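One letter stands for each residue in the lines below.
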Amino acid sequence: MDMKYLDHIGIAVADLEEAIETYEKLLGAECYKRETVDQQQVETAFFRAGESKVELLGATGSDSVIAGYIAKKGEGMHHVAFEVEDIRGEMERLRGEGFSVLSEEPSRGADNKLVAFVHPKDNHGVLVELCESLD
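Cut-offs and rules
Residues numbered from 1 in each chain as written. Predicted model: local features only at pLDDT ≥ 70, side-chain atom pairs only at ≥ 80, totals over all residues. Heavy atoms only, no water. UniProt positions renumbered as here; feature names shortened; annotations may be inferred. Helix = DSSP H or I, 4+ residues; strand = E, 2+ residues; numbered from the N terminus. Rg over C-alpha atoms; globule rule 2.2 N^0.38 Å. Buried < 20%, exposed > 50% of the residue type's maximum accessible area, 1.4 Å probe, protein only. Contact = heavy atoms within 4.5 Å. Areas by Shrake-Rupley, 256 points an atom, 1.4 Å probe, with all protein chains shown as cover. Lys, Arg positive; Asp, Glu negative; His and termini not counted. Charge placed at Lys NZ, Arg CZ, Asp CG, Glu CD. Pairing = 2+ DSSP bridges. Axes fitted to C-alpha atoms, helices over the stretch in contact; angles between N-to-C directions. Arc of directions from axis to C-beta.

Looking at an unreviewed UniProt entry, one finds the protein chain named Methylmalonyl-CoA epimerase and attributed to Fodinibius roseus. In its Sequence similarities (unreviewed entry) section, the UniProt record describing the protein chain reads: "Belongs to the methylmalonyl-CoA epimerase family."

Now the structure itself:
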């Protein structure tokens, strides 16, 4: 088991509409997909950037994880996501290596993926997302 490739970089933003305009100009590409993940109280906007993607994350509620993140740290990089073949197997492998996986089971995330997160304290301050495509 291993990380197949860098899937996306997640960026927390205070104003999703404004950020979409900014990233369309920056990347010279249009947002190709928007999605709300009610369970996580987040609205996402995706951009292609070569082989990887950029995911903008906007809070849909004042008590969402993204709203809390922005209140504490401000806008900016929220996580780095790696595509994996077998998310449950990778979660087990990482636990065995001493990493703190933040959930017992993966959850349904944006972009038709199962997701799980590895605590940033174990990764030199970077929140790592594991994702497994469901299609």
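A. Up close: the overall build of the protein chain. In terms of regular secondary structure, the protein chain is built from 3 helices and 8 strands. The N-to-C order of helical and strand elements in the protein chain reads β-α-β-β-β-α-β-α-β-β-β. Computed over its C-alpha atoms, the radius of gyration of the protein chain comes to 15 Å, within 12% of the 14 Å expected for a compact globule of 135 residues. Principal-axis analysis of the C-alpha atoms places the extent of the protein chain at approximately 40 × 30 × 25 Å. For the protein chain, the proportion of its 135 residues judged to be buried stands at 44%. Relative to all contacts within the protein chain whose residues are 6 or more apart in sequence, the contacts with residues 24 or more apart total 53%. Carbon together with sulfur atoms contributes 48% to the accessible area of the protein chain, which is approximately 7,500 Å² in total. The averaged location of the 28 negative side-chain charges in the protein chain is 2 Å from the averaged location of its 14 positive side-chain charges.

B. Up close: the sheet that holds strand β6 (residues 107-109). The strand order across the open sheet built from 8 strands is β2-β3-β4-β1-β5-β8-β7-β6, with neighbouring strands paired in mixed fashion. The outermost strands of the open sheet, each flanked by one partner alone, are β2 (33-37) and β6. With strand direction ignored, the average angle separating the axes of adjacent strands in the sheet is 35 degrees. Against the sheet, helix α2 (residues 65-73) makes contact with β1 (3-13), β3 (42-49), β4 (52-59) and β5 (76-84), and its axis sits at roughly 135 degrees relative to β5, the strand it touches most.

C. Highlighting the environment of Glu 18. Along the polypeptide, Glu 18 turns up in helix α1 (residues 16-27). For the pair Glu 18 and Gly 50, spaced 32 residues apart in the sequence, the C-alpha separation amounts to 23 Å.

D. Spotlight on α2. Among the residues of α2, Ile 66, Ala 67, Tyr 69 and Ile 70 are the ones counted as buried. Viewed end-on, α2 has its buried residues packed into an arc of 160 degrees, placing them on one side of the element. Exposed and oriented more than 90 degrees from the buried face of α2 are Val 65, Ala 71 and Lys 72. In the core, the buried residues of α2 are packed alongside β1, β3, β4 and β5.

E. Focus on the pairing of β3. For β2 and β3, the ladder comprises 5 bridges, and the chain directions are antiparallel. By the bridge assignment, Thr 36 is partnered in β3 with Glu 43. Connecting β2 to the antiparallel partner β3 that follows it, the hairpin turn spans 4 residues, and Gln 41 within it adopts a positive phi of roughly 50 degrees. As judged from the 8 bridges shared by β3 and β4, these two strands associate in the antiparallel manner. Bridging across to β4, Ala 45 finds its partner in Leu 56.

F. Broad picture of the environment of Gly 125. Within the fold, Gly 125 resides in the loop between β7 (113-118) and β8 (128-133). Gly 125 sits in the exposed class, given a relative accessible area of 57%. In the structure, Gly 125 is positioned 24 residues away from Val 101 in sequence and 14 Å away in space, judged by C-alpha atoms.

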